[in-house]
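Chains, contacts and geometry: an overview
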Number of protein chains: 2
Amino acid sequence: MKIGFFQFAPSIGNVDHNRTRLVEALLQTDADLLVAPELSVSGYYFSSTAQARELAEPIPGPTTDALSEASAKSGCTIVTGIAELAGEQLFNSAVVIGPEGIIGTYRKIHLFNEEKLHFTPGSDGFFSFDLQGVKIGVLVCFDHMFPEAARSLALQGVQIICHPSNLVLPEYGQLTSRVRAFENRMFWVLTNRWGTETVGEKSLTFTGTSQVVNPRGRILIRAETAGDEISAVEVDPKESLDKHITEYNHLLNDRRPEFYFT
Amino acid sequence: MKIGFFQFAPSIGNVDHNRTRLVEALLQTDADLLVAPELSVSGYYFSSTAQARELAEPIPGPTTDALSEASAKSGCTIVTGIAELAGEQLFNSAVVIGPEGIIGTYRKIHLFNEEKLHFTPGSDGFFSFDLQGVKIGVLVCFDHMFPEAARSLALQGVQIICHPSNLVLPEYGQLTSRVRAFENRMFWVLTNRWGTETVGEKSLTFTGTSQVVNPRGRILIRAETAGDEISAVEVDPKESLDKHITEYNHLLNDRRPEFYFT
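A brief look at the structure comes next. (Residues numbered from 1 in each chain as written. Chains lettered and ligands numbered in written order. Predicted model: local features only at pLDDT ≥ 70, side-chain atom pairs only at ≥ 80, totals over all residues. Heavy atoms only, no water.)

1. Comments concerning the overall build of chain A
Across its full length, chain A carries 6 helices and 16 strands. Taking 18 Å as the expected radius of gyration for a compact globule of 262 residues, we find that chain A reaches 17 Å, a close match to that expectation. Taking the principal axes of its C-alpha atoms as reference, chain A extends roughly 55 × 45 × 35 Å. Within chain A, buried positions represent 62% of all 262 residues. Across chain A, the fraction of contacts at a sequence separation of at least 24, relative to all contacts at a separation of at least 6, is 68%. Carbon and sulfur atoms make up 48% of the accessible area of chain A, which totals about 9200 Å². With 22 positive and 32 negative side-chain charges, chain A shows a spacing of 6 Å between the two charge centroids. (Helix = DSSP H or I, 4+ residues; strand = E, 2+ residues; numbered from the N terminus. Rg over C-alpha atoms; globule rule 2.2 N^0.38 Å. Buried < 20%, exposed > 50% of the residue type's maximum accessible area, 1.4 Å probe, protein only. Contact = heavy atoms within 4.5 Å. Areas by Shrake-Rupley, 256 points an atom, 1.4 Å probe, with all protein chains shown as cover. Lys, Arg positive; Asp, Glu negative; His and termini not counted. Charge placed at Lys NZ, Arg CZ, Asp CG, Glu CD.)

Take a look at the structure:
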């Protein structure tokens, strides 16, 4: 299975442009699974909830239609961040789209900073799906900071984490994705946007450095801190199935939940 | 508060020698809190459970007596790994000793590899103690691989983790200690031994690189991969108390346990 990232700099408010970039990436890649950044369609730094609402769209909607068509042509499944409009509510979501259409949606559970002003936190739990017999999970950006998130997916049998992100701090997400990968024996695709967005006198600069990590925590491919890049690597997802790290140690069975969080 | 590590290479079976090294370190340091490696008194790579038993000792016992005396002289509190003999059982423990004597013992909860042949896993839960009004927790080596361990201590209010280790893999413990430090906003003192121990045709080489990390995950001081080193750094434990990483985000209160591990 070939898995990879599409790192780019979504342009705030330019939905048509951003959607076209996602379609182009799907048509260009030879990956089986491609991960795009968080909120790739709308951009990230909203000046108001009204603007976020204006840039959001339902699922299904124009973006999932366009990506379904592109996925059917390319054969590649995409996981992309999207501002989801669901009735009166907005969710910071990631949608999974394959050649057959929409596979599912994950609504971000841990919202970061001013996202809390615009979005409703997800309350549908963590999300995983099957691709070619491989179990794949989705987390969005700040979810990475909570080890319980990746652990929950690992305990559900997830082998690959797709992690659309808009990280502003350098290094943290790159470190957590390695540690979560080796403490759970999973692959991890971190796709982080780059570029700067400004609201009034405040601006956010996103830090790129997308990477694919193997279940030993090794970085297989990595992007620069800035610049568009579409890159993928062939992996064997079965590497994530054996949780034994010694003859006597199994990373999940050695947990002792009776002593945790009491 | 000055906190630090005493990295050295305990000599398997040479209990008197190893104990003397610990006493010397206590008398030499100007730290308030010093962390020594896992199983510092006995050495690590036992050829049999009989040998482990022979090198173990009760708490209180000769080592805690010697360290209590040294701690009273130096004013420094020490956390050191020790093979603990408790009736018929052996525990891979860490004992905490201050100027007033024994403060407490932690029995390692997650045993690594052949440790499972010799030791009983701890069943007293995680352990913390108070030093100068600061709450300090103890984990031993492989406990680091389970994010639930440090998280459990963080939820109990622990500000500094003392982590006596005998790590053989390079890098993993150095990465997890940084990530656990910033995901929980704690200080972390990782003390890892160096040197090689051999049983028959098998040998283990320990990887040193002890380090003190701050609640932002920054490495404040770090030792080489091999070589004795006693080193400490002045820190302000209050840095660990504020779990807000943005105006809207609190690392512990933002947890959503209703979705974890279900």
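Anyway, onward from the coordinates.
2. Describing the packing of helix α1 (residues 15-28) of chain B against helix α3 (residues 62-74) of chain B
Residues and elements named next belong to chain B. Look at α1 against α3: their axes get within 8 Å of each other, and the N-to-C directions meet at 15°. Viewed along their axes, α1 and α3 adopt a mutual orientation that is roughly parallel. For the pair α1 and α3, the sense of crossing is right-handed. The segment α1 lies against α3, with Arg-19, Leu-22, Val-23, Leu-26 and Leu-27 engaging Pro-62, Thr-63, Ala-66, Leu-67, Ala-70, Ser-71, Lys-73 and Ser-74. Looking at the contact of α1 with α3 residue by residue, the class counts come to 8 nonpolar, 3 polar and 2 charged. (Axes fitted to C-alpha atoms, helices over the stretch in contact; angles between N-to-C directions. Parallel < 35°, antiparallel > 145°, perpendicular 65-115°, else oblique. Left-handed = near helix turned anticlockwise from the far one by under 90°. Nonpolar A, V, L, I, M, F, W, Y, C, P; charged D, E, K, R; others polar.)

3. Description of the sheet that holds strand β3 (residues 77-86) of chain A
Residues and elements named next belong to chain A. Pairing in this open sheet of 6 strands is mixed, and the strands run β5-β4-β3-β2-β1-β14 from one edge to the other. Where the open sheet ends on each side, the last strands, each with one partner, are β5 (101-107) and β14 (229-234). Recorded for the sheet is a direction-independent mean angle of 30° between the axes of neighbouring strands. Inspection of the sheet shows strand β1 (residues 2-7) paired to strand β2 (residues 33-35) by 3 bridges, in the parallel sense. From the neighbouring strand, Ile-3 faces β2, where its bridge partner is Leu-33. (Pairing = 2+ DSSP bridges.)

4. As for the relation of the copies chain A and chain B
Superposing chain A onto chain B requires a rotation of 180° together with a translation of 0.0 Å along the rotation axis, leaving an RMSD of 0.0 Å. The relationship between the two copies is best expressed as a two-fold rotation axis. Minimal C-alpha distance to the rotation axis in chain A is attained by A:Pro147, lying at 3.2 Å. (Least-squares fit on C-alpha atoms with pLDDT ≥ 70 in both.)

5. Here's the deal with the nonpolar core
In terms of nonpolar packing, the biggest core is built from 166 residues, with A:Ile3 and B:Ile3 touching the most fellow members. With near-sequence residues (within four places) excluded, A:Ile3 lies in contact with A:Leu33, A:Ile160, A:Phe187, A:Val189, A:Val212, A:Ser231, A:Ala232, A:Val233 and A:Val235. (Core = buried A, V, L, I, M, F, W, Y, C linked by side-chain atoms within 4.5 Å.)

6. Let's talk about α3(B)
Note on helix geometry: an α-helix contains 3.6 residues per turn, so any two residues three or four positions apart are oriented the same way. All names here are of chain B. Over its 13 residues, α3 extends 18 Å from the first C-alpha to the last, a length consistent with the 18 Å expected when each residue adds 1.5 Å. Taken residue by residue, α3 has Thr-63, Thr-64, Leu-67, Ser-68, Ala-70 and Ser-71 as its buried positions. The inward-facing, buried residues of α3 abut α1, β3 (77-86), β4 (89-98) and β5 (101-107). (Expected span 1.5 Å × (residues − 1).)

7. Comments concerning the interface of chain A and chain B
Chain A puts 46 residues into the contact, and the matching count from chain B is 46 residues. Taking both sides of the interface into account, the surface hidden between chain A and chain B amounts to around 4100 Å²; carbon and sulfur atoms contribute 63%. Its largest share of buried area at the contact with chain B, chain A owes to A:Tyr248, A:Phe259 and A:Phe261, together 15% of the area lost on that side. Notably, a salt bridge pairs B:Arg151 with A:Glu148, separated by 2.7 Å at the nearest N-O pair. Summed over the shared surface of chain A and chain B, the result is 27 residue pairs in polar contact (both at pLDDT 80 or more). Elements supplying a minimum of two residues to the side of chain A that touches chain B: α4 (115-118), α5 (147-155), α6 (172-184) and β15 (244-246) of chain A. If one sorts the elements of the side of chain A that touches chain B by residue count, α6(A) sits on top with 8 residues. Along the lines of polarity and charge, the residues of the side of chain A that touches chain B split into 21 nonpolar, 11 polar and 14 charged. (Buried area = accessible area lost by both parts, 1.4 Å probe. Salt bridge = Lys/Arg side-chain N within 4 Å of Asp/Glu carboxyl O. Polar contact = N/O pair within 3.5 Å; in protein donor to acceptor, adjacent residues only side chain to side chain.)

8. Things to note about the pairing of β3(B)
In summary, the side chains of a regular strand alternate between the two faces of the sheet. Residues and elements named next belong to chain B. Among the 10 residues in β3, 8 count as buried, and that is most of the element. Pairing between strand β2 (residues 33-35) and β3: 3 bridges, direction parallel. Across the sheet, the residue bridging to Leu-33 is Thr-77, located in β3. Where β3 lies against β4, 9 bridges are found, and the strand directions are antiparallel. Note that in β4 the partner of Leu-85 across the bridge is Leu-90. Once β3 ends, the chain turns through 2 residues before running back antiparallel as β4, passing Gly-87 with a positive phi of about 65°.

9. Here's the deal with the state of the cysteines
Residue and element names in this part refer to chain A. Counted according to the given criterion, the structure contains 0 disulfides over all chains. Cys-162 supplies the cysteine sulfur nearest to Cys-141, a cysteine that is in no disulfide, at a spacing of 15 Å. Overall, the relative accessible area of 5% leaves Cys-141 in the buried class. We note that Cys-162 lacks a disulfide partner, and the nearest cysteine sulfur, in Cys-76, lies 10 Å from it. For Cys-162, a relative accessible area of 0% corresponds to the buried category. (Disulfide = S-S within 2.5 Å.)

10. Details of the side chain of B:Thr207
Residues and elements named next belong to chain B. Among the secondary structure elements, Thr-207 is positioned in strand β11 (residues 202-207). Polar side-chain contacts of Thr-207 include one of 3.4 Å to the backbone oxygen of Leu-169. Beyond its immediate sequence surroundings of up to four residues, Thr-207 is in contact with Leu-167, Val-168, Leu-169, Pro-170, Asn-192, Arg-193 and Thr-225.

11. Looking at the packing of aromatic side chains
Residue and element names in this part refer to chain A. Scanning the entire structure with this criterion turns up 21 aromatic pairs over all chains. Between the aromatic rings of Tyr-44 and Phe-206, the centroid separation amounts to 5.6 Å while the plane-to-plane angle is 80°, which identifies the pairing as edge-to-face. Placement of Tyr-44 in the loop between β2 and α2 (49-55) and of Phe-206 in strand β11 (residues 202-207) is noted, with a sequence separation of 162 residues between them. By relative accessible area, which is 10% here, Tyr-44 ends up buried. (Phe/Tyr/Trp six-rings, centres within 6.5 Å; stacked < 30°, edge-to-face > 60°.)

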